[in-house]
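# Report on the structure
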Amino acid sequence: MSEIREASFTATGSVTRDEYDEAARAAGLFRRGRVVAALGTVLLASAGVTLSSDGLTLHPVPLGVAVAYGLFGLFVLPRWAVARGFRSGRAAEEKRVVVDGSGIEVFRGEESQRIVWDEMRYYHETPRLHVFVGRSRRRTCLVVLPKRLFTAPGESDLLAAFGQERAGDGS
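Residues numbered from 1 in each chain as written. Predicted model: local features only at pLDDT ≥ 70, side-chain atom pairs only at ≥ 80, totals over all residues. Heavy atoms only, no water.

### Section: the overall build of the protein chain
- A tally of helices and strands in the protein chain yields 5 helices and 9 strands.
- Seen through its principal axes, the protein chain has C-alpha atoms that stretch 75 × 30 × 30 Å.
- Per-residue burial over the protein chain gives 37% buried out of 171 residues.
- Surface exposure of the protein chain reaches about 10500 Å², of which carbon and sulfur atoms provide 56%. (Helix = DSSP H or I, 4+ residues; strand = E, 2+ residues; numbered from the N terminus. Buried < 20%, exposed > 50% of the residue type's maximum accessible area, 1.4 Å probe, protein only. Areas by Shrake-Rupley, 256 points an atom, 1.4 Å probe, with all protein chains shown as cover.)

The following block contains the structure:
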């Protein structure tokens, strides 16, 4: 285990859009938003139904608003948010990422951003990616490292053990 604590990993490359989408799903960044959208849809739909002595009366305008809100909140908004995150984070640009005992540092041209392990919420591994989720200056940070960037044998597995030890799985 001491060799893991002393390890340092470096990867250079870019993330594709489908890898970023997979990372956002793995990180679960939009689960709460979908729950809120579902609850809002139910509440709006309940305003479109009234109980009377004749039975239930349906009001088409509030029900239509509820359906539109539900479709937007459950399907359109998450995709838009992921696309915005991909563009605003300039995920497609080539970057160099260094993962070591003090944290994760992302270099993009002359800029760099360091996220220390105390700010890291959790680590998740998918068949194609290593995903680190953290908070830096009140913003959620998503660090996506495709496994295809690690060419040395066993390096990807060692990073998975390192990420699990340092960041945990969020529980």
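From this point, the narrative continues.
### Examining the environment of G103
- Take G103: it is sitting in strand β5 (residues 103–108).
- With 11 residues separating them in the primary sequence, G103 and R114 have C-alpha atoms 6.9 Å apart.

### Here we look at the sheet that holds strand β6 (residues 111–116)
- One open sheet holds the 4 strands; their spatial order is β1-β4-β5-β6, and the pairing between them is antiparallel. What marks the edges here is a single partner per strand, and that holds for β1 (9–13) and β6. Each strand axis lies, on average, 15 degrees off the axis of its neighbour in the sheet, ignoring direction.
- Sheet topology note: the strand β4 (residues 95–100)/β5 ladder contains 5 bridges and is antiparallel. Paired with R96 across the strands is F107, a residue of β5.
- Strands β1 and β4 of the sheet are contacted by helix α5 (residues 155–166), whose axis makes an angle of about 115 degrees with β1. (Pairing = 2+ DSSP bridges. Axes fitted to C-alpha atoms, helices over the stretch in contact; angles between N-to-C directions. Contact = heavy atoms within 4.5 Å.)

### Quick look at the confidence of the model for the protein chain
- For the protein chain, mean pLDDT is 82; residues scoring 70 or higher make up 92% of the total.
- Of all the helices and strands in the protein chain, helix α1 (residues 2–5) carries the lowest mean pLDDT, 52, while strand β7 (residues 120–125) carries the highest, 87. (pLDDT = per-residue confidence, 0-100.)

### Thoughts on helix α3 (residues 31–47)
- Given a rise of 1.5 Å per residue, 17 residues ought to cover 24 Å, and the 25 Å separating the end C-alpha atoms of α3 matches this to within 8%.
- Residues of α3 that are buried include every one of A37, G40 and T41, and no others. Burial along α3 is one-sided: seen end-on, the buried residues are contained in an arc of 105 degrees. When the buried face of α3 is taken as reference, the exposed residues oriented beyond 90 degrees from it are R31, R32, V36, L39, V42 and L43.
- Tucked into the core, α3 has its buried residues touching α4 (60–88). (Expected span 1.5 Å × (residues − 1). Arc of directions from axis to C-beta.)

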